Structure formats: structure tokens, C-alpha cells
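# Understanding the architecture of this molecule
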Amino acid sequence: MSDRHIIRGGARDRQIYEYAVLRVVPRVERGECINAGVLVYCRAESYVGARTHLDEARLLALDPHADVAGVRAALRAVENICTGGPAAGQAAPDDPGRRFRWIVAPRSTIVQPGPVHTGLTTDPAAETERLLDVLVR
């Protein structure tokens with residue numbers, strides 16, 4: 001078993017979290033996508049976070065005319081909504097769970113959330129980084 005499947009800490013230290021992969025679908029009608037980020041929500045820790053990584057070469061392989069700057073802006077907006085504060089715009093006063101649910105709601109845009117999954121973690125922020133490495137990079 002690899003380290004990526006080992007949950008550190010005792011049973012009482014672990015918290016349930018939810019996560020979804022952010023996908024970039026440059027041409028919705030074709031359905032092709034690349035993973036470009038992860039969202040993590042842990043209710044017990046009042047944590048919602050997003051980390052993104054856009055592989056521009058992979059995106060342009062799917063669609064040579066893709067709006068790379070627009071995709072980066074959309075991914076940055078998701079990170080801002082998760083962070084909260086003034087950068088989150090109208091979502092700023094919402095609690096972390098509400099912001100997570102809004103982001104993972106299905107939509108037909110170039111940046112789309114995948115299905116929501118669950119796991120256990122002792123550190124939601126570290127889990128966000130781990131998932132980015134495992135699922136996106």
C-alpha cells in the first residue's frame with residue numbers, strides 16, 4: 001500500500017470531508033475533459049478550499065483555440081470563492097458549506113465540477129494538496 005492511502009492520526013482525529021475534481025471541458029459538445037483542480041469541504045473544520053493546476057498543453061491538445069486566459073480566470077474565481085472575503089464577491093458572506101454546494105452544482109460551462117466523493121482526513125488543507133497531486137498533476 002502506498003503512502004497516498006494511509007490516513008495519519010487516530011480515529012478520533014479524523015474528520016469526514018467531501019471533494020470534487022474540477023474539469024475543463026473546452027468543447028462541451030465533444031465531452032472531452034482534463035482535470036484542472038480539486039475542491040475540498042470539511043464541515044467539522046468549517047473548511048472549504050480549492051487548488052488548481054492547468055496543463056495548458058493538454059488543454060490546447062483538446063482544443064487548439066481554447067481560451068486559456070478565460071479558463072485560468074474561471075479557475076481563479078473558484079479558488080477565490082472558496083477562500084471567501086472580498087475576492088469571493090457575492091458569495092463572501094456565505095458559510096463554507098453553501099459555497100462548496102454552489103460550486104459543485106452541475107453546470108454546462110467550460111469549467112465543470114465532477115461528482116462529489118467522501119473521505120477521512122486529519123488536515124483538510126493538506127488533503128487538498130494531496131488530492132491535487134494525485135488527481136490533477
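Here the structure is a predicted model, which is why all the values come from computation and not from measurement. Starting afresh in each chain, residues are numbered from 1 along the sequence in its written order. The model is predicted, so local features are restricted to residues of pLDDT at least 70 and side-chain atom pairs to those at 80 or more, both for listing and for counting; the totals for chains, interfaces and linings are taken over all residues. Think of the side-chain values as coming from all heavy atoms in the structure, minus any hydrogens and water.

## A look at the overall build of the chain
To keep it simple, the criterion reads: The helix and strand labels rest on DSSP assignments: H or I over at least four residues marks a helix, E over at least two residues marks a strand, and numbering proceeds from the N terminus. Accessible area is worked out with a 1.4 Å probe on protein chains only. A residue is then buried under 20% of its type maximum, exposed over 50%, and partly exposed in between. Should any heavy atoms of two residues lie within 4.5 Å, those residues are considered in contact. Counting rule applied: Lys, Arg positive; Asp, Glu negative; His and chain ends not counted. Charge placement uses NZ in Lys and CZ in Arg. For Asp and Glu, CG and CD serve respectively.
The helix and strand tally for the chain stands at 4 helices and 5 strands. Helices (α) and strands (β) of the chain occur, in sequence order from the N terminus, as β-β-β-α-α-α-β-β-α. For the chain, the residues scored as buried account for 38% of the 137 residues in total. The contacts of the chain with a sequence gap of at least 6 include a subset with a gap of at least 24, amounting to 63%. A gap of 3 Å separates the mean positions of the 18 positive and 17 negative side-chain charges of the chain.

## Here's the deal with the packing of helix α2 (residues 68-83) against helix α3 (residues 96-104)
Rules: As a rule, the C-alpha atoms of each element are fitted with a line to give its axis, helices using only the stretch in contact, and angles between N-to-C directions run from 0 to 180 degrees. Here the angle decides the label: under 35 degrees means roughly parallel, over 145 means roughly antiparallel, 65 to 115 means roughly perpendicular, and every other value means oblique. Gly falls in the polar group here, along with every residue not listed as nonpolar (Ala, Val, Leu, Ile, Met, Phe, Trp, Tyr, Cys, Pro) or charged (Asp, Glu, Lys, Arg).
For the pair α2 and α3, the least separation of the axes is 9 Å and the interaxial angle reads 160°. Between α2 and α3, the crossing angle belongs to the class labelled roughly antiparallel. For the pair formed by α2 and α3, the contact residues are V78, I81, C82 and T83 on the first element and R99, W102 and I103 on the second. By residue class, the composition of the contact of α2 with α3 is 5 nonpolar, 1 polar and 1 charged.

## Section: the nonpolar core
Going by this rule: By convention a nonpolar core is built from buried Ala, Val, Leu, Ile, Met, Phe, Trp, Tyr and Cys residues, the set being connected through side-chain atoms within 4.5 Å.
Core analysis: the largest hydrophobic core is formed by 23 residues, its most contacted members being V24, L39, L54, L59, V71 and L75. Here the element with the most residues in this core is α2; it accounts for 6 residues. Residues within four places of L39 in sequence aside, it is in contact with E18, Y19, A20, L22, G49, A50, V78, C82, F100, I103 and V104. In terms of nonpolar packing, the next biggest core, distinct from the first, is built from 8 residues, Y19, V38, C42 and L132 among them.

## Concerning the side chain of T52
Looking at where T52 falls in the secondary structure, it is placed in strand β3 (residues 47-52). Judged by relative accessible area, T52 falls into the buried class, the value being 18%.

## Some thoughts on helix α4 (residues 124-135)
Let me state the cut-off plainly: Multiply 1.5 Å by the residue count of a helix minus one, and that product is the helix's expected span. What the arc measures is the spread of directions leading from the helix axis to the C-beta atoms. Within 3.5 Å is the distance limit for a polar contact, defined as a pair of N or O atoms, with the added protein rule that one can donate a hydrogen and the other accept it, and that residues adjacent in sequence qualify only through two side-chain atoms.
End to end, α4 covers 16 Å across 12 residues, agreeing with the expected 16 Å (1.5 Å per residue, within 8%). Every buried residue of α4 is accounted for by P124, E127, T128, L131 and L132. Along α4, the residues classed as buried sweep out an arc of 140° about the axis, all on the same side. Buried residues along α4 sit in contact with β1 (15-24), β2 (34-42), β3 and β5 (117-121). Its side-chain oxygen 3.2 Å from the backbone nitrogen of A125, D123 forms the N-cap of α4.

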